[in-house]
Amino acid sequence: MKAHYINGQFTFGRATATIRVDDPATCEILDEVPLGTAQDVDDAVQAAKRAFESWKRISASERAELLHEVSRRIRAHKEELVELLTREEGKPLPENEEEVVWTYNTFDYYAELGRHLRGRVIPSTEDGVLNFVIKEPYGVVGCIVPWNYPLLLLAWKVAPALAAGNTVVIKPSEMTPLTTLQLCEIAFGHLPPGVVNVVTGDGTTGEALVRHPDVPMIAFTGSLSTGQKIASIAAPMMKKTHFELGGKDAFVVCDDADPELAARVVAYAALINAGQVCTSTERVYVPQTMAHRFTDAVVDFVRSLNLGHGLDPNTDMGPMIGDRYRQKVVDHVRDALARGARVLTGGNIPNRPGYFYEPTVLVDVNHSMKVMTEETFGPVIPIMTYRDFDEAIRLTNDSIYGLGACLYTSDAKKVRRFFEDVKAGTIWINDPLTDNYAGPFGGMKYTGGGRELGEEGLEEFRETKHVHWDIEARPKPWWLPYHKNA
Ligand code: NAD
């Protein structure tokens, strides 16, 4: 059994129960972790609070060197992290290799960015007065992470939080805590004790972190419903919250696109990580004039993909993370069929162990169906036709979510319309689901307004203080009492 990581030590804490972690491709047990209690959370928060006092004073260059060392250590252990990630989360090896590379690069990026943008001097309104703005850390940041990119989404929070001078308590997903604990063993041992802490557990553990009075900021990635629960606890406590919630990303294909190429790019955007990406393409809109050619190409391509264990190099698509998530896909497909949709390929649970679901193509869909309005988070490609580009834009915006949106065209006028009129945090033109460390990532509307990566991703973890300083400490004519001037 693995243990929490608190104050630089692995400890079982005070947990009386454990959580079993399975390989989703086989349903076999990988290991167990403690179900963290409120007392475990408090132990971690107190360690982080003590460490904060010195961590916030470390010079930016020393902190940068310590964060580069995190990156170097992850690089040195890349292969073992990739393998464990594949066993624990299920996606194919190339996708996990990419995740680990992104993880260590994020530490390098924020190691350097942390040296910049610490505030500014502004012109004073009075002679002899100095006015300046400083950016300071919040203190102990609670980082609550989902299972679909356990290391990457951890790094997008922890690297900027530490670079900004905060200390952290991480609550990984109950389904993927093992790589997070492995990261502690590999990459955080050289940091002062208490700077990074991990408490494993489920929603009750996460809630104890949110409720803790010594945690002034919660950075959360996960579902809308959990985000709403966290918001209802954090708002009366006036905590800073950073939300990266669900999505229902649209992909609009235009009539100038090559149907074969468009089919391949749409399938990639919809099926990477078995459709379990917050920015997965969950709705496809295609012009009526090319619907048949495009749909045939998508079906042919999807049928050519191999389902399997992520460790098998022949695997294109792995399992889903668990039965609860797969049941939601089953429910969405069933609802769509009951309302008139047709399955062109897939639509079944294959007869094999693990939480697999066939990659599925649906047509004759519309916005009365769950599969076009609620987050499905599985390997389903629902294709709907549109008459003209105005309708495509209207359909794209017809969602409570605003995470990302994709367009495939070479028509610059359409590109401009799309990025101006679509309400989403990232717009991808002909290049879906790519990221750039220097470019902010996050959503609008019910996805929450948090931003990760880029300067914005660092700014989220700093608060602003304005200092007025009369260097000569002179008395001012506007001070009390007023009656002597009357
Ligand atoms: P989830 O909301 O079920 O869980 C996320 C984390 O919150 C887990 O660590 C969980 O233990 C914890 N948690 C659960 N209940 C809690 C509570 N009451 N208080 C505090 N913490 C609690 O989400 P999930 O199923 O792990 O992840 C999938 C969701 O995450 C999808 O909706 C997906 O779109 C979203 N997501 C969003 C982004 C983004 O950047 N916008 C990225 C990845 C995933």
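Heads up: these notes are all about the structure in this document. (Residues numbered from 1 in each chain as written. Predicted model: local features only at pLDDT ≥ 70, side-chain atom pairs only at ≥ 80, totals over all residues. Heavy atoms only, no water.)

**Describing the overall build of the protein chain**
Thinking step 1. Summing up its helical and strand segments, the protein chain has 15 helices and 23 strands in all.
Thinking step 2. Over its C-alpha atoms the protein chain spans a radius of gyration of 25 Å, differing by no more than 12% from the 23 Å that the globule rule assigns to 486 residues.
Thinking step 3. Overall, the protein chain is about 85 × 60 × 40 Å in size when its C-alpha atoms are taken along their principal axes.
Thinking step 4. Across the 486 residues of the protein chain, 56% fall into the buried class.
Thinking step 5. Once local pairs closer than 6 in sequence are excluded, the contacts in the protein chain between residues at least 24 apart make up 73%.
Thinking step 6. Accessible surface computed for the protein chain: about 20300 Å², of which carbon and sulfur atoms make up 51%. (Helix = DSSP H or I, 4+ residues; strand = E, 2+ residues; numbered from the N terminus. Rg over C-alpha atoms; globule rule 2.2 N^0.38 Å. Buried < 20%, exposed > 50% of the residue type's maximum accessible area, 1.4 Å probe, protein only. Contact = heavy atoms within 4.5 Å. Areas by Shrake-Rupley, 256 points an atom, 1.4 Å probe, with all protein chains shown as cover.)

**Section: the nonpolar core**
Thinking step 1. Ranked by internal contacts, the top residues of the largest apolar core, which has 94 residues, are Phe188 and Phe294.
Thinking step 2. The element contributing the most residues to this core is helix α5 (residues 150-163), with eleven residues.
Thinking step 3. The residue makeup of this core includes at least three contributed by each of domain 1 (4-245 + 448-468) and domain 2 (249-429).
Thinking step 4. Grouped together as the second largest cluster of nonpolar side chains are 35 residues, Met369, Phe377, Tyr386 and Phe389 included. (Core = buried A, V, L, I, M, F, W, Y, C linked by side-chain atoms within 4.5 Å. Domains from an automatic or database assignment.)

**Side note on the pairing of strand β3 (residues 18-22)**
Thinking step 1. With burial as the criterion, only one face of β3 is covered, namely that bearing Ile19 and Val21; the residues Thr18, Arg20 and Asp22 on the opposite face remain uncovered.
Thinking step 2. Relative to strand β4 (residues 29-34), β3 is paired through five bridges, and the arrangement is antiparallel. Residue pairing for β4: Thr18 is matched across the bridge by Pro34.
Thinking step 3. Following β3, the chain reverses through six residues before pairing antiparallel with β4; Cys27 in that reversal takes a positive phi of roughly 65°. (Pairing = 2+ DSSP bridges.)

**Some thoughts on a negative patch on the surface**
Thinking step 1. A cluster of acidic residues, Asp258, Glu260, Asp296 and Asp300, forms a negative patch on the protein surface.
Thinking step 2. Along the chain, the position of Asp296 falls in helix α10 (residues 291-303).
Thinking step 3. Residue class for Asp296 comes out partly exposed when judged on its relative accessible area of 48%. (Patch = residues over 30% accessible without salt bridge, like charges linked within 9 Å, V, L, I, M, F, W, Y side chains within 5 Å. Salt bridge = Lys/Arg side-chain N within 4 Å of Asp/Glu carboxyl O. Lys, Arg positive; Asp, Glu negative; His and termini not counted. Charge placed at Lys NZ, Arg CZ, Asp CG, Glu CD.)

**Section: the packing of α5 against helix α6 (residues 177-187)**
Thinking step 1. Relative orientation of the contacting elements α5 and α6 amounts to 55°, with a least axis distance of 9 Å. Compared by their axis directions, α5 and α6 come out oblique. Of the two elements, α5 crosses α6, and the hand of that crossing is right-handed. Here Pro150, Leu151 and Leu154 of α5 come into contact with α6, specifically with Thr179, Thr180 and Leu183.
Thinking step 2. Grouping the amino acids of the contact of α5 with α6 by side-chain chemistry returns four nonpolar, two polar and no charged. (Axes fitted to C-alpha atoms, helices over the stretch in contact; angles between N-to-C directions. Parallel < 35°, antiparallel > 145°, perpendicular 65-115°, else oblique. Left-handed = near helix turned anticlockwise from the far one by under 90°. Nonpolar A, V, L, I, M, F, W, Y, C, P; charged D, E, K, R; others polar.)

**Remarks on the pattern of salt bridges**
Thinking step 1. Under the criterion given, the structure shown has 33 salt bridges.
Thinking step 2. The partner of Glu69 in a salt bridge is Arg72, with the nearest N and O atoms 2.9 Å apart. Residue Glu69 and its partner Arg72 are located together in helix α2 (residues 60-76), separated by three residues, close to a single helical turn.
Thinking step 3. With relative accessibility at 22%, the residue Glu69 sits in the partly exposed group.
Thinking step 4. Residue Glu136 is joined to Lys465 by a salt bridge in which the shortest nitrogen-to-oxygen separation is 2.9 Å. Of this pair, Glu136 sits in strand β6 (residues 129-137) while Lys465 sits in strand β23 (residues 462-470), and the two are 329 residues apart along the sequence.
Thinking step 5. Classification of Lys465 by relative accessible area gives partly exposed; the value is 37%.
Thinking step 6. A single salt-bridge network, built from bridges that share partners, covers Glu65, Glu69, Arg72 and Arg73.

**Remarks on the site of the ligand**
Thinking step 1. Lining the immediate environment of the ligand, one finds 31 residues, of which Lys171, Glu174, Ser223, Tyr325 and Glu375 sit closest.
Thinking step 2. At 2.8 Å, a backbone N or O of Val145 approaches an oxygen atom of the ligand.
Thinking step 3. Lys171 is positioned with one of its side-chain polar atoms (N or O) 2.7 Å from an oxygen atom of the ligand.
Thinking step 4. Coverage of the ligand by the protein chains reaches 94% of its 850 Å² of free accessible surface.
Thinking step 5. Of all the secondary structure elements, the ones that give two or more residues to the shell around the ligand are α7 (203-211), β10 (217-221) and α8 (224-234).
Thinking step 6. Residue composition of the shell around the ligand, grouped by class: 14 nonpolar, ten polar and seven charged. (Near = heavy atom within 4 Å. Polar contact = N/O pair within 3.5 Å; in protein donor to acceptor, adjacent residues only side chain to side chain.)

**Details of the environment of Phe418**
Thinking step 1. Following the sequence through the fold, Phe418 ends up in helix α14 (residues 412-421).
Thinking step 2. Along the backbone, Phe418 and Glu88 are 330 residues apart, and their C-alpha atoms lie at a distance of 38 Å.

**Structural notes on the sheet that holds β6**
Thinking step 1. Overall, antiparallel pairing links the three strands, which are arranged β5-β6-β23 in an open sheet. At either end of the open sheet lies a strand with only one pairing partner, and these are β5 (119-122) and β23. Between one strand and the next, the sheet's axes are offset by a mean angle of 15°, whatever the strand orientation.
Thinking step 2. Both β6 and β23 contribute to a ladder of nine bridges, which runs antiparallel. Pairing of Ile134 across the sheet is with Lys465, part of β23.

**Here we look at the sheet that holds strand β19 (residues 426-429)**
Thinking step 1. Judged by pairing direction, the sheet is mixed, and its seven strands sit side by side in the order β14-β15-β16-β13-β12-β18-β19 without closing on themselves. Each of the sheet's edge strands pairs with one partner strand only, and the pair in question is β14 (342-345) and β19. When strand polarity is set aside, the average angle formed by the axes of neighbouring strands in this sheet is 25°.
Thinking step 2. Summarising the sheet, strand β15 (residues 360-363) and strand β16 (residues 380-386) pair through three bridges and their orientation is parallel.

Interpretation note: all reported values are geometric properties and have no functional meaning in isolation.
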